[in-house]
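One-letter residues, chain by chain:
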Amino acid sequence: MGSTAANGNLLVCQFPQTLALEGSTNGLTIARSPVSCMDAAVSNAYEGILIYFSTPQIGARDSLIDLCADLNKNPLSRHTHRCVSLEYRHRGLLTKLSEVGVTYVDIRLPNEAANPWRIWERSMAWDTILRIESHLSQLCPFLHYEPISETNELITCGAYRNRMVLGGTRLRDVCQTETHLHCEYYLNPLIAK
Ligand code: SF4
């Protein structure tokens, strides 16, 4: 994607980490904190706002939620098309983003170069894979997260009284996919979710 003419101008917010961006930077305005993102969003007209967030940064998640809530409430930004890019799906974070009006979420691969225009094209094409409800539908409602450090969480199964630690293929191929609908613990939980 080299041309920006078809894409307009984007506000790209990156925090708490800054990613190397791939592709043309023409037409991009970069903000590196929630405050500067909000300032830019209400000071200029953008065709879209793209927020790159580092999912493991547990302590910064509230700032992301607050930013998305403010963008959704402010009359100068609420009608601007917005998309949040995360490193992986996290049920708790996605639920909160949905509650504050986020509609589109991109899940980027760990070592994938960040290309704002590529995400933007898909988002503007109303790609249903980017819809936040599509992401949430993949995740078992019994997923339970317990922070154990600034960037790590213990993931357990709420349907098994949080006594089963989740990881590996079960987490990846069952709990975080539609296959969870067939999981024995999902179908017969030991306690209510
Ligand atoms: S083990 Fe089954 S019930 Fe538990 S979180 Fe995974 S998919 Fe859900």
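What you are looking at is a predicted structure, and each value in this text was computed from that prediction instead of being measured.

Definitions and limits used
Residues numbered from 1 in each chain as written. Predicted model: local features only at pLDDT ≥ 70, side-chain atom pairs only at ≥ 80, totals over all residues. Domains from an automatic or database assignment. Contact = placed C-beta atoms within 7 Å. Nonpolar A, V, L, I, M, F, W, Y, C, P; charged D, E, K, R; others polar. Pairing = 2+ DSSP bridges. Helix = DSSP H or I, 4+ residues; strand = E, 2+ residues; numbered from the N terminus. Right-handed = clockwise from strand over helix to strand, strands pointing away. Axes fitted to C-alpha atoms, helices over the stretch in contact; angles between N-to-C directions.

**Regarding the domain arrangement of the protein**
By domain assignment, the protein separates into domain 1 (10-137) and domain 2 (140-187). Once you take the C-alpha centre of each, domain 1 and domain 2 turn out to be 25 Å apart. With seven residues of domain 1 in contact, the opposing surface of domain 2 contributes seven residues. A breakdown of the residues in the side of domain 1 that touches domain 2 according to their chemical character gives two nonpolar, three polar and two charged.

**A few points about the pairing of strand β5 (residues 104-107)**
With four bridges joining them, strand β4 (residues 81-86) and β5 adopt parallel strand pairing. Paired with L86 across the bridge in β5 is I107. The parallel pair β4 and β5 is bridged by helix α3 (residues 91-99), and the resulting crossover is right-handed.

**Side note on the sheet that holds β5**
Strands belonging to one sheet form pairs held by backbone hydrogen bonds; the direction of such a pair is parallel or antiparallel. Spatial strand order, β2-β1-β3-β4-β5: five strands in an open sheet with parallel pairing. Strand pairing shows two members of the sheet lacking a second neighbour, β2 (28-31) and β5, which therefore form its edges. In this sheet, neighbouring strand axes are inclined to one another by 20 degrees on average, regardless of whether the strands run parallel or antiparallel. Where strand β3 (residues 48-53) meets β4, five bridges bridge the pair, whose relative direction is parallel.

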